[in-house]
Amino acid sequence: MKTNKIAFLGLLVALAFVLSYVEFLLPLNIGIPGAKVGLANLVVMVALYTLGTKNAFLLSIVRVVLVGLTFGNLAMMIYSLAGAGLSFLAMVIGKKTKLFSVTGVSVLGGVCHNIGQIIVAMFVLETSSLIYYLPFLIVIGTVSGIVIGVLSGMIISRIQKLFKI
Amino acid sequence: MKKNDIILIAVILVITLGGLASMAFRQKASTEDTADKAYVLVKIDGEEYGRYPLDEDRQERIELPDGSYNVLVIEDGYVQISEASCRDQICVNHFHIHYAGDAIVCLPNRLVVTIEGGEENDIDSATN
Amino acid sequence: MNRIKAASILLVVLLIVFIVAVQSGKIFGSKVDGTDSSEEIKYTATFLDIFDTRTEIVGYAHNETEFSNQAEIIKERLVFYNNLYDIYNDYDGLNNIKTINDNAGIAPVEVDEEIINLLKFSKDMYKKTNGKVNVAMGSVLSIWHEYREYGSDNPERASLPNMAELQAANEHVNIDDVIIDEEAKTVYLADPEMSLDVGSTGKGYAVQRVMDYCREQGMDNILLSLGGNISGLGTRIDGTQFRIAIQNPDLSSSEEYIEKVDINDGQCVVSSGDYQRYYVVDDKVYCHIINPDTLFPSETFAAVSILTDDSGAADALSTAVYNMTLEEGMEFVNSLDNVEAMWVYHDGTKVYSEHFEESIVK
């Protein structure tokens, strides 16, 4: 791994961490547990398209653990890990199939993040009624996925020009 | 943004809306159901012992740790105690109950049977 | 890109619709925002541990916590009276009616003012009812209590007390032997063989005192039932009168209630009847209300209900009128202000005092 690549990864981790914190400070307060815009996904998207699958995965996990340890608790970390894991898987597959642009991949990621979280929450809380939140979370995931997709598309093209990595 | 992205988003939204519509519909149907649904609530010493739908006929033998018992009978939307180990038998002699808030009490066994929800009657309390 | 713009706008609109829907709880069920109700709704609390009977408190509140706090205050007051007026149990550091009985002929007992108030009230009722309600006849009542308890436990061996035994006990029922010293706050039973039984006045008096207390505390819209001694404070929350059903004494009938009455602020309803506590000897029912004149349970009526504006009086009067003939009772009730009665015979015939029917729900 080239040094600038490592430095860039570190930068992205820090950025993801900060964005998670911003989201933590400004929760989307709509009475639904786990409803998030998923700002940090922006960074994961950038990493996925600039640093490759392995590094992006690393970033994704490190971010969740860091944020969980700093601001949250173990339960929150488990939800996030499930969400991040499923989301990452969906994004990698979406990207590999080459069917979708950055936006489509981002939408997949956003939607799957929320699906993963709710599934784990259903197991942990042993209640199936949480499924009623799912449609709402999917719509949130889609909307934020589009926004983040468009944004990361812009960022990715610029970064690729700037850094040539 | 590719054409596929739009298709993806559209597909996700259609599936979600469909699911939501069916869920909302089912939820509505079930809340309408429970709103009028009456339950028979059995409490012993203030603690909930059991909860049975009023519209299902059943017979329930309520056993207490000390061996005493009350037999609860739900029939045609009416509840009564058909048999009990208590000596005063006030609970057995009590009228069957049907309306929301109605209660049968067995003091010796610390048992209270009340009806929650369902048909209301117009009285606030009754002498005994 | 126009299509995307349109899709984005559509999505944002959808998002807003969802948020609104969720906030108002329309789609995801009702309990999204807790259970606070903007209107006060009706709650009922039931306790079984006061005065050996069923206590029911009906009230209104915005949520369950608010109501249970209110019910808890009322319960606490009732427990206070329960302990004071108890004739069977001792309580640590508390002199109650049992303490007075235990010290009959021995020593005056210093008691809480509320015991003195009850006994003064009971003496008052004794005079008013010509001795038909006598809290000093514990000696007679305890004999019946024993036979009834034994008879309920062993129905095949149930028997009646013999008259000589009852008459011997009846030598020790003089209410003037209950000596109240208001200054020293003591009560002394001058006859060592006598005992107090406040069953005919204690519950009703306690209800009245508790309701007075609630009124002082600024509470409103409360209905309190202590073993059928029902007393109302204010009205229902919507301003209509509280509606009380009167239990049908014929337990084999298909009708649970024989009458419904609407009560005004402060009014009370209580019934005395042979269907409440009784035991059976040779297929004949012997109830818990003992006529001081015959020393046997009264059996003229199945039940007598009293409607008046003092719960203590209601309790005592229902016992007194139950022990009278219809003529005596009718004359007695009609001579009292704001007291109405309904007599129910064993065949279901109902007789009303002058104005009782005015309260009946048509």
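For clarity, every value in this text was computed on a predicted model and none was experimentally measured.

About the thresholds
Residues numbered from 1 in each chain as written. Chains lettered and ligands numbered in written order. Predicted model: local features only at pLDDT ≥ 70, side-chain atom pairs only at ≥ 80, totals over all residues. Heavy atoms only, no water. Helix = DSSP H or I, 4+ residues; strand = E, 2+ residues; numbered from the N terminus. Contact = heavy atoms within 4.5 Å. Areas by Shrake-Rupley, 256 points an atom, 1.4 Å probe, with all protein chains shown as cover. Buried < 20%, exposed > 50% of the residue type's maximum accessible area, 1.4 Å probe, protein only. Patch = residues over 30% accessible without salt bridge, like charges linked within 9 Å, V, L, I, M, F, W, Y side chains within 5 Å. Salt bridge = Lys/Arg side-chain N within 4 Å of Asp/Glu carboxyl O. Lys, Arg positive; Asp, Glu negative; His and termini not counted. Charge placed at Lys NZ, Arg CZ, Asp CG, Glu CD. Phe/Tyr/Trp six-rings, centres within 6.5 Å; stacked < 30°, edge-to-face > 60°. Axes fitted to C-alpha atoms, helices over the stretch in contact; angles between N-to-C directions. Left-handed = near helix turned anticlockwise from the far one by under 90°. Nonpolar A, V, L, I, M, F, W, Y, C, P; charged D, E, K, R; others polar. Buried area = accessible area lost by both parts, 1.4 Å probe. Expected span 1.5 Å × (residues − 1). Pairing = 2+ DSSP bridges. Polar contact = N/O pair within 3.5 Å; in protein donor to acceptor, adjacent residues only side chain to side chain. pLDDT = per-residue confidence, 0-100.

Along chain A, the regular secondary structure elements total six helices and zero strands. Ordered by position from N to C terminus, the α and β elements of chain A give α-α-α-α-α-α. For chain A, restricting intrachain contacts to residue pairs at least 6 apart in sequence, the fraction spanning at least 24 positions comes to 74%. Accessible surface computed for chain A: about 7900 Å², of which carbon and sulfur atoms make up 74%.

What follows is about unusual backbone geometry. Residue and element names in this part refer to chain C. A positive phi angle, close to 50 degrees, is found at Asp52, a residue other than glycine. Relative to the assigned elements, Asp52 resides in the loop between strand E1 (41-50) and strand E2 (53-61). Since its relative accessible area comes to 52%, Asp52 is described here as exposed. You will see that Asp283, though not glycine, has its phi angle at about 65 degrees, which is positive.

Another aspect to go through is a negative patch on the surface. Together, B:Glu56, B:Asp57, B:Glu75 and B:Asp76 make up a region of like negative charge exposed at the surface. Among the secondary structure elements, B:Asp76 is positioned in the loop between strand E4 (69-75) and strand E5 (78-84).

On to the packing of aromatic side chains, then. Centre-to-centre distance and the angle between the planes together describe a pair of aromatic rings. Residues and elements named next belong to chain C. The full count for this structure, using the stated rule, is 10 aromatic pairs over all chains. Ring geometry for Phe121 against Tyr205: centres 5.1 Å apart, planes inclined by 35 degrees, an arrangement best described as tilted. Of this pair, Phe121 sits in helix H4 (residues 113-128) while Tyr205 sits in helix H7 (residues 202-216), placing them 84 residues apart in sequence. Residues Phe121 and Tyr205 agree in their burial class; the two are buried. Note on Trp144 and Tyr286: the rings are 6.5 Å apart at their centroids and 25 degrees apart in plane angle, and the pair reads as stacked. In this pair, Trp144 is assigned in helix H5 (residues 138-153) and Tyr286 in strand E12 (residues 284-287), connecting sequence segments 142 residues apart. Each member of the pair, Trp144 together with Tyr286, is buried.

For any two helices packed against each other, the geometry is given by the interaxial angle and the distance between the axes. All names here are of chain C. Across the interface, helix H2 (residues 64-84) lies against H7 with an axial gap of 10 Å and an inter-helix angle of 145 degrees. When you trace H2 past H7, the crossing you get is right-handed. The segment H2 lies against H7, with Ile73, Ile74, Arg77, Leu78 and Tyr81 engaging Ala206, Arg209, Val210, Tyr213 and Cys214. For the contact of H2 with H7, the residue count by class is eight nonpolar, no polar and two charged.

Right, let's get into the interface of chain B and chain A. Opposite the 12 residues of chain B that make contact, chain A presents 16 residues. For the chain B and chain A pair, buried surface summed over both sides reaches about 1300 Å², with 75% attributable to carbon and sulfur atoms. Run the count over chain B and chain A and you get zero salt bridges. Of the residues belonging to the side of chain B that touches chain A, the class tally is seven nonpolar, three polar and two charged.

Moving on to H5(C). Residue and element names in this part refer to chain C. For H5, which comprises 16 residues, the first-to-last C-alpha distance of 22 Å matches the rise-based estimate of 22 Å (1.5 Å per residue) to within 8%. All of the buried residues along H5 are Gly138, Ser139, Val140, Leu141, Ile143, Trp144, Arg148, Gly151 and Ser152. Looking at the buried positions of H5, the neighbouring elements they touch are helix H6 (163-169), strand E11 (278-281) and E12.

So, about the sheet that holds strand E2 (residues 47-53) of chain B. All names here are of chain B. In space, the four strands of this open sheet follow the order E2-E1-E7-E6, with antiparallel pairing throughout. Each having just a single partner strand, E2 and strand E6 (103-106) make up the two edges of the open sheet. Taken over all neighbouring pairs, the strand axes of this sheet differ in orientation by 15 degrees on average, direction set aside. Both E6 and strand E7 (residues 111-116) contribute to a ladder of four bridges, which runs antiparallel. Of the residues in E7, the one forming a bridge with Cys106 is Leu111.

Attention now moves to the interface of chain C and chain B. Tallying the contact residues gives 44 residues for chain C and 27 residues for chain B. When the area that chain C buries against chain B is broken down by residue, the three leading residues are C:Leu48, C:Arg54 and C:Glu256, summing to 18%. Where chain C meets chain B, there are six salt bridges. Of the charged contacts in the structure, one is a salt bridge between B:Arg87 and C:Asp153, with a shortest N-O distance of 3.1 Å. Linking chain C with chain B are 16 residue pairs in polar contact (both at pLDDT 80 or more), by the criterion used here. Counting residues per element, the ones that place at least two in the side of chain C that touches chain B are helix H1 (2-23), E1, E2, H5, strand E6 (222-226), strand E8 (242-247), strand E9 (257-263) and strand E10 (268-273) of chain C. For the side of chain C that touches chain B, the element with the most residues is E8(C), which contributes six residues. Residue composition of the side of chain C that touches chain B, grouped by class: 18 nonpolar, 13 polar and 13 charged. Pairing analysis gives two bridges linking strand E8 (residues 125-126) of chain B to E8(C), with the strands arranged parallel. Looking across to E8(C), one finds that B:Ser125 is bridged to C:Ile244.

Let us look at the confidence of the model for chain A. With 87% of its residues at a pLDDT of 70 or more, chain A shows a mean pLDDT of 82. Within chain A, no element has a lower average pLDDT than helix H6 (residues 134-163) of chain A, which sits at 84, and none a higher one than helix H2 (residues 40-50) of chain A, at 89.

Turning our eyes to something else, we now look at the sheet that holds E4(B). Either a parallel or an antiparallel arrangement is found when strands of a sheet pair, and the pairing is made through backbone hydrogen bonds. Residues and elements named next belong to chain B. Pairing is antiparallel in the open sheet, where three strands are placed in the order E3-E4-E5. One side of each edge strand has no neighbouring strand; the edge strands of this open sheet are strand E3 (58-63) and E5. Between one strand and the next, the sheet's axes are offset by a mean angle of 25 degrees, whatever the strand orientation. Relative to E5, E4 runs antiparallel, the two being bridged by six bridges. Paired with Val71 across the bridge in E5 is Glu83.

The next thing to look at is H4(C). All names here are of chain C. Taking 1.5 Å of rise per residue, 16 residues should cover 22 Å, and H4 covers 22 Å from first to last C-alpha, within 8% of that figure. Looking only at H4, the buried set comprises Glu114, Ile115, Ile116, Leu118, Leu119, Phe121, Ser122 and Met125. Regarding H4, its N-cap is Asp112, as a side-chain oxygen of that residue lies 2.8 Å from the backbone nitrogen of Glu114 further along. Just beyond H4, the residue with positive phi is Asn130, at close to 60 degrees.

When you line up the elements, C:Ser68 lands in helix H2. Linking C:Ser68 and C:Ile57, residues 11 residues apart in sequence, is a C-alpha distance of 9.9 Å.

Structurally, C:Ile100 is set in helix H3 (residues 97-102). Apart from the residues lying within four places of it in its own chain, the contact partners of C:Ile100 are C:Val109, C:Val111, C:Ile115, C:Leu119, C:Val187, C:Leu189 and C:Leu196.

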